[in-house]
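# Structural features, examined
These are the residues of each chain, in order.
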Amino acid sequence: MKFTKMQGAGNDYIYVNALQEQVDDLSDLAVRLSDRHFGIGSDGLVLIMTSDCADFRMRMFNSDGSEAEMCGNASRCVGKYVFDKGLTQKTFLTLETKAGLKKLNLNVENGLVSSVCVDMGEPILKPALIPVDVAGDKAIRIPIVINQVKYEINCVSMGNPHAVVFTENIDQLNLSELGPKFELNELFQKRTNTEFVEVLNQEHVKMRVWERGAGETLACGTGACAVLVAGVLNGRLKRKALIDLLGGHLQIEWNEQNNHVYMTGEAVTVFEGEI
């Protein structure tokens with residue numbers, strides 16, 4: 001099987017052209033290939049497929065074998081993949097995901113895609129749709145106790161569930177201990193991704209992320225979008241901000257006119273291989 005290793009802000013996945021490759025047992029394959037010692041090594045597996053309603057379809061599996069609805073960083077890399085490999089000549093694409101249709105605007109330099117702006121759609125704030133077991137029309141500043149410490153979570157779905165925690169000194173947090181306590185908390189029927197956020201100013205934050213099914217990763221595009229939305233709803237951030245992640249930077253904007261969230265960031269091919 002031929003594959004391409006790609007990363008967006010350090011969020012790395014194995015990309016397979018399922019238009020050409022026959023791929024079976026996807027959950028098991030994702031686990032084996034994602035292993036950083038005995039496999040290729042990645043945060044998961046992404047398949048590029050045909051679609052009946054868009055230019056292309058993306059399916060993605062976390063490193064634990066669970067299928068995810070959407071990944072912003074992966075969607076940018078899919079855009080780069082299909083353009084750079086000549087599967088399309090379009091610089092504006094539609095991409096089918098389990099979280100709905102996403103629109104990609106490709107920035108091309110010297111014949112190759114350097115960065116991509118993704119229209120991530122409207123944020124989902126209704127608790128039942130995130131889902132999170134909280135009453136009311138929004139789940140903002142909800143108290144939660146983890147390891148006898150009180151935190152406030154701000155819940156947003158960008159097609160997948162996120163719990164945003166504003167705190168200090170995030171570099172000192174032990175995410176390998178904290179992350180699973182949030183992910184598996186009884187409030188979240190489908191588990192959750194958790195973002196730990198330190199606000200530098202109203203247009204600049206840094207974050208660490210514990211991803212559902214993958215653990216701590218260097219970046220999470222949908223998580224960065226959720227951070228901006230939660231920051232605006234808390235009065236902490238303006239509608240456009242730079243998000244610093246361990247693996248790089250993402251520019252996020254929550255458009256007031258159409259309520260859509262836009263994410264812009266790099267997309268990088270690391271290497272090609274065969275396994």
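For the structure, see preceding data.
Our subject in this report is the structure included herewith. Only a predicted model underlies this, so the values are computations on that prediction, with no experimental measurement involved.

Moving on to the overall build of the protein chain. Across its full length, the protein chain holds four helices and 18 strands. Its C-alpha radius of gyration of 18 Å places the protein chain within 12% of the 19 Å reference for a compact globule of 275 residues. By its C-alpha atoms, the protein chain is 50 × 40 × 35 Å across when sized along the principal axes. By residue count, 56% of the 275 residues in the protein chain fall in the buried class. A total accessible area of about 12000 Å² is found for the protein chain, and carbon and sulfur atoms account for 45% of it. For the protein chain, the centre of its 27 positive side-chain charges and the centre of its 36 negative side-chain charges are spaced 3 Å apart.

By secondary structure assignment, the location of Asn160 is in the loop between strand E10 (149-157) and strand E11 (161-166). Residues within four places of Asn160 in sequence aside, it is in contact with Glu69, Met70, Asn193, Arg212 and Thr222.

Going through the model one piece at a time under the given rule, you end up with four aromatic pairs. Plain terms: the ring middles of Phe3 and Phe271 are 6.0 Å apart, the flat faces sit at 80° to each other, and that makes the pair edge-to-face. With Phe3 in strand E1 (residues 2-8) and Phe271 in strand E18 (residues 268-274), this pair connects stretches of sequence that are 268 residues apart. With relative accessibility at 6%, the residue Phe3 sits in the buried group. Since its relative accessible area comes to 35%, Phe271 is described here as partly exposed. Between Phe182 and Phe196 the ring centres are 5.4 Å apart and the planes differ by 85°, which places this aromatic pair in the edge-to-face class. Taken together, the residues Phe182 in helix H3 (residues 175-183) and Phe196 in strand E12 (residues 193-201) connect sequence positions 14 residues apart. Both residues of the pair, Phe182 and Phe196, belong to the buried class.

In this section: the pairing of strand E16 (residues 248-254). Side chains Gly248, Leu250, Ile252 and Trp254 project from E16 onto a buried face, and the interleaved His249, Gln251 and Glu253 project onto a face without burial. Direction of pairing for E16 relative to strand E17 (residues 261-266): antiparallel, over a ladder of four bridges. Its bridge partner being in E17, Ile252 is matched across the sheet by Met263. The loop that links E16 with its antiparallel partner E17 comprises six residues; one of these, Asn259, has a positive phi angle of about 70°.

Another aspect to go through is the environment of Leu250. Position of Leu250 relative to the elements: it lies in strand E16. With relative accessibility at 1%, the residue Leu250 sits in the buried group. The contacts of Leu250, once residues within four sequence positions are left out, are Asn73, Arg76, Cys220, Gly221, Ala224, Ala241, Leu242, Ile243, Leu245, Met263, Thr264 and Gly265.

The next thing to look at is the pattern of salt bridges. This structure, assessed with the given rule, holds 13 salt bridges. The salt bridge involving Arg36 is made with Asp43; its shortest N-O contact spans 3.2 Å. The closest approach of N and O atoms between Arg208 and Glu216, which form a salt bridge, is 2.8 Å. One salt-bridge network, held together by shared partners, links Lys5, Asp12, Arg36 and Asp43.

Since the α-helix advances by 3.6 residues per turn, residues separated by three or four positions end up pointing in the same direction. The terminal C-alpha atoms of helix H2 (residues 72-84) lie 19 Å apart, and with 13 residues this matches the ideal 18 Å at 1.5 Å per residue to within 8%. Burial runs high along H2: 12 of the 13 residues are buried. Along H2, the positions that sit buried rather than exposed are Gly72, Asn73, Ala74, Ser75, Arg76, Cys77, Val78, Gly79, Lys80, Tyr81, Val82 and Phe83. Just downstream of H2 lies Gly86, where phi reads positive at about 75°.

In the segment running from Ile130 into Pro131, the intervening peptide bond is cis, with an omega of -5°. Checked against the element boundaries, Pro131 lands in the loop between strand E8 (112-119) and strand E9 (139-146). Positive phi, close to 50°, is recorded for Asn169, a residue that is not glycine. With respect to the helices and strands, Asn169 occurs in the loop between E11 and H3. Positive phi values are uncommon outside glycine, yet Asn259 reaches one of about 70°.

Calculation rules
- Residues numbered from 1 in each chain as written.
- Predicted model: local features only at pLDDT ≥ 70, side-chain atom pairs only at ≥ 80, totals over all residues.
- Heavy atoms only, no water.
- Helix = DSSP H or I, 4+ residues; strand = E, 2+ residues; numbered from the N terminus.
- Rg over C-alpha atoms; globule rule 2.2 N^0.38 Å.
- Buried < 20%, exposed > 50% of the residue type's maximum accessible area, 1.4 Å probe, protein only.
- Areas by Shrake-Rupley, 256 points an atom, 1.4 Å probe, with all protein chains shown as cover.
- Lys, Arg positive; Asp, Glu negative; His and termini not counted.
- Charge placed at Lys NZ, Arg CZ, Asp CG, Glu CD.
- Contact = heavy atoms within 4.5 Å.
- Phe/Tyr/Trp six-rings, centres within 6.5 Å; stacked < 30°, edge-to-face > 60°.
- Pairing = 2+ DSSP bridges.
- Salt bridge = Lys/Arg side-chain N within 4 Å of Asp/Glu carboxyl O.
- Expected span 1.5 Å × (residues − 1).

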